[in-house]
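Residues per chain are reported as follows:
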Amino acid sequence: MTDVVVISQSIVRPVGSNSNRIKIHLTPWDLFFLRSEYPQRGLLYPKPDPETDIIISQLKSSLSAALNIFYPFAGRLVKTEEHDETATFLVDCDGSGVKFIHASAKTVSVSDVLEPVNGIVPAFLNRFFPANGVKSCEGTSESLIAFQVTELKDGVFVAFGYNHMVADGSSFWSFFNAWSQICSTGVDREKKFPPLLLRGWFLDGVDYPIRIPISETVSLSSPVGSSSLLQEKLFRFTRRNISELKSKANGEVISDGRKISSLQAVSAHMWRSIVRNSDLNPEEVVYCKLLMDMRRRLNPPLEKECFGNVVGFATATTTAGEMLSNGLGWAALQINKTVGSQTDEGFRMFAENWVKNPKIPNHVAVINSVIVASSPWFNVYGNDFGWGKPIAVRAGPGNTSDGKLIVYPGIEEGNIEIQTCLSSHVLEKLSTDAEFLEHACVV
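On a predicted model such as this, the values are computed, not experimentally measured, just so you know.

**Student:** Mind showing me how you'd approach the overall build of the protein here?
**Tutor:** Regarding its fold elements, the protein presents 11 helices and 17 strands. In terms of overall dimensions, the protein is globule-like: its C-alpha atoms have a radius of gyration of 22 Å, near the 22 Å expected for 443 residues. For the protein, the spread of C-alpha atoms along the principal axes amounts to about 60 × 55 × 40 Å. For the protein, with 443 residues in total, the buried portion stands at 55%. In the protein, 80% of the contacts between residues at least 6 apart in sequence involve partners at least 24 apart. Just so you have it, the protein exposes about 19000 Å², and 50% of that area is on carbon and sulfur atoms.

**Student:** Looking at this model, I keep getting lost on the sheet that holds strand β8 (residues 155-162). Mind explaining?
**Tutor:** Adjacent strands of a sheet pair through backbone hydrogen bonds, lying either parallel or antiparallel. Strand order in the open sheet made by the 6 strands is β1-β6-β7-β8-β3-β14, with mixed pairing throughout. Edge positions in the sheet fall to β1 (5-12) and β14 (392-395), since each has one partner strand and no second. In this sheet, adjacent strand axes meet at a mean angle of 20° when their direction is disregarded. Along the sheet face, helix α2 (residues 52-69) touches β1, β6 (98-105) and β7 (145-152) and points at about 160° away from the line of β6. Of the strands in this sheet, β3 (40-46), β7 and β8 touch helix α4 (residues 169-185), which is tilted by about 140° from β8.

**Student:** I keep staring at the packing of helix α5 (residues 239-252) against helix α8 (residues 328-340) and nothing clicks. Help me out?
**Tutor:** A pair of packed helices can be characterised by two numbers: the angle between their axes and the separation between those axes. Packing of α5 against α8 leaves a shortest axis separation of 7 Å and a crossing angle of 90°. When the interaxial angle is binned, α5 and α8 end up roughly perpendicular. Between α5, through L245, K248, A249 and E252, and α8, the contact on the second element is made entirely by L328, G329, W330 and A332. A breakdown of the residues in the contact of α5 with α8 according to their chemical character gives 5 nonpolar, 1 polar and 2 charged.

**Student:** Would you mind going over the environment of T319 with me for this structure?
**Tutor:** Considering the arrangement of structural elements, one finds T319 in strand β12 (residues 311-319). On the basis of relative accessibility, which here comes to 25%, the residue T319 falls in the partly exposed class. Through-space distance from the C-alpha of T319 to that of P282 is 6.5 Å; in sequence the pair is 37 residues apart. Here T319 is in contact with P282, E283, E284, V285 and V286, once residues within four sequence places are set aside. Here E322 takes part through its backbone nitrogen, which lies 3.1 Å from a polar atom of the side chain of T319.

**Student:** Whenever I open this one, helix α9 (residues 344-354) confuses me. Can you help?
**Tutor:** Quick reminder: α-helices carry 3.6 residues per turn. Residues three or four places apart thus point the same way. Listing the buried residues of α9 in full gives D344, F347, R348, A351 and W354. Projected down its long axis, α9 shows its buried positions confined to an angular sector of 130°, all on one face. Buried-residue contacts for α9 involve α1 (28-31) and β12.

**Student:** Could you clarify how one ought to interpret empty space enclosed by the protein in this entry?
**Tutor:** This model, assessed by the stated rule, comprises 3 cavities of 30 Å³ or more. There is about 70 Å³ of room inside the largest cavity. Contributing to the lining of the largest cavity are K47, P48, P50, E51, T52, I55, K106, E151, L152, G155 and V156. Elements supplying a minimum of two residues to the lining of the largest cavity: α2, β7 and β8.

**Student:** Honestly, the packing of aromatic side chains in this entry has me stumped. Any pointers?
**Tutor:** For any pair of aromatic rings, the description consists of the separation of the ring centres together with the inter-plane angle of the planes. Tallied over the full model, the rule gives 31 aromatic pairs. Note on F147 and W179: the rings are 4.9 Å apart at their centroids and 65° apart in plane angle, and the pair reads as edge-to-face. On the criterion of sequence distance, the pair formed by F147 in strand β7 and W179 in helix α4 is long-range, its members being 32 residues apart. Here the two residues F147 and W179 agree in accessibility, since each one is buried.

**Student:** Can you walk me through the pattern of salt bridges in this structure?
**Tutor:** Scanning the model with the defined rule gives 19 salt bridges in all. Linking D279 and K429 is a salt bridge whose minimum nitrogen-to-oxygen distance equals 2.9 Å. Here the residue D279 occupies a position in the loop between α6 (262-276) and β11 (285-293), and K429 occupies one in helix α10 (residues 424-430), the gap between them amounting to 150 residues. Of the residues examined, D279 reaches a relative accessible area of 56% and is grouped as exposed. Each of R272, R276, D433 and E435 takes part in salt bridges that share partners, so that together they form one network.

Rules used throughout
- Position labels on residues start from 1 in each chain and follow its written sequence.
- Residue-level local features of this predicted model are given only where pLDDT is at least 70; pairs of side-chain atoms are given and counted only at 80 or more, and the full residue set underlies all totals for whole chains, interfaces and linings.
- Only hydrogens and water are set aside when side-chain values are computed; all heavy atoms of the structure are taken into account.
- Helix and strand assignments follow DSSP, with helices taken as H or I runs no shorter than four residues and strands as E runs no shorter than two, numbered in order from the N terminus.
- Within these notes, the globule rule equals 2.2 Å times the number of residues to the 0.38 power, and the radius of gyration is based on C-alpha atoms.
- Burial classes follow relative accessibility: with a 1.4 Å probe on protein chains only, a residue under 20% of its type's maximum area counts as buried, one over 50% as exposed, and anything between as partly exposed.
- Contact definition: two residues touch when any of their heavy atoms are within 4.5 Å.
- Accessibility throughout is a Shrake-Rupley quantity obtained with a 1.4 Å probe, and a residue counts as covered only by protein chains that appear here.
- Strands were regarded as paired on the criterion that DSSP finds at least two bridges between them.
- Angular values range over 0 to 180 degrees, each being the angle between N-to-C directions of two axes fitted as lines to C-alpha atoms, with helices fitted over their stretch in contact.
- Any angle that is under 35 degrees is reported as roughly parallel, and any over 145 degrees as roughly antiparallel; angles of 65 to 115 degrees are reported as roughly perpendicular and all others as oblique.
- Residues were grouped as follows: Ala, Val, Leu, Ile, Met, Phe, Trp, Tyr, Cys and Pro as nonpolar; Asp, Glu, Lys and Arg as charged; and all remaining residues, including Gly, as polar.
- Here a polar contact is taken to be a pair of N or O atoms separated by no more than 3.5 Å, where protein atoms must pair a possible hydrogen donor with a possible acceptor and residues adjacent in sequence count only if both atoms sit in side chains.
- For this quantity, the arc is that covered by the directions from the helix axis to the C-beta atoms.
- Only protein atoms enter the 1 Å grid used here. Points where a 1.4 Å probe fits but cannot escape make up a cavity, open sets with protein on both sides within 12 Å along at least five of seven lines make up a pocket, and a residue lines them when an atom lies within 4 Å of a point.
- Grid points are joined across faces, edges and corners, and a volume is the space filled by probe spheres set on the points.
- Ring pairs shown here join Phe, Tyr and Trp side chains whose ring centres sit within 6.5 Å, with only the six-membered ring taken for Trp; geometry is labelled stacked below 30 degrees between planes, edge-to-face above 60, and tilted in between.
- Put simply, a salt bridge is a Lys or Arg side-chain nitrogen that is within 4 Å of an Asp or Glu carboxyl oxygen.

Remember that the coordinates give geometry; whether it matters functionally is a separate question.
What follows is the structure, encoded as structure tokens:
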């Protein structure tokens, strides 16, 4: 077993005092994640030249400055139980601070992460993440974002986990980009960032705080698919692979003004290939769920930079038989249509109906589903803390399920990499599927 030694654990608070103590009320889409585990990601860096103690000190002081800008992360979730067997939640931006762990795994080298045996994401990586098993509802006592910096033999792994009720991927990466900039250019850099633009309350037909039955706030059993039977691999799509898939998908679609995007074509290729290798009966229903940023789809639209969680799920549904009797273009079109159907009207209607009978899923995954999360457009590889840009990104434990696809930009511009979690036998078949590998490769 890889030996991971915790050197120190501390709480980092925003620099200065927070005179304007803001409370953020949560929408149905925030509360939807109440039982979800913290999403976790990590960046692998080359070994810094300075002493590690200096690096840790710089990371913590710049984190404190970044939290002064992105202050909701330094707050806590507040749960209030009402007399009618309901509870309400809000985020109190009280400056309580965030967990910061400094750890060491000096037996692990960068190559152990980048070139694992059989391409399987190694189990030891789980121990490099700071919020394993933490659920959003635990934000009453757990920090709303947590960090772990692990020294390797010849590198550094900077990992984090965050509460999805407070922020989505877009808001998180904005924070991370600011933190790395402040660290590399000096704490005074904080003054050059504009004030945080909060999402605010935009649901005219919904009163807050939203009351939820207490029974819906209790965590239940484990997610779909036994984690012991799941494995993960990274698949890379080069710029050329993506161009070929996009061209093929659009060539198969009868022109009605619809254009298949690069991500839709890649997602369809993954979906079809997973279904083809899953030995399903033709009548079995299969799903492709995509997490979507809804900021610009609302009316009036929210600013692209506004902080918060503004994601919705778009779900394409078909049967295994129908999927495999049609081509890539048909599968991509199903995704394209469901993405196009995500409108302001539908988003608001969901909220108004949901508050009448709040139901919080224990997990998003359903059987025979593929879930596409994260985005190839996030600025992942631009995060230089002062000793070089990252050389790899990995997802950690959190909402792990059979069919979970975490999408990243590739380290080479124009590439896409997908960390793919599947049942071990399906993943093994996918890894040797010539039709699939015609447009992808194992990282």
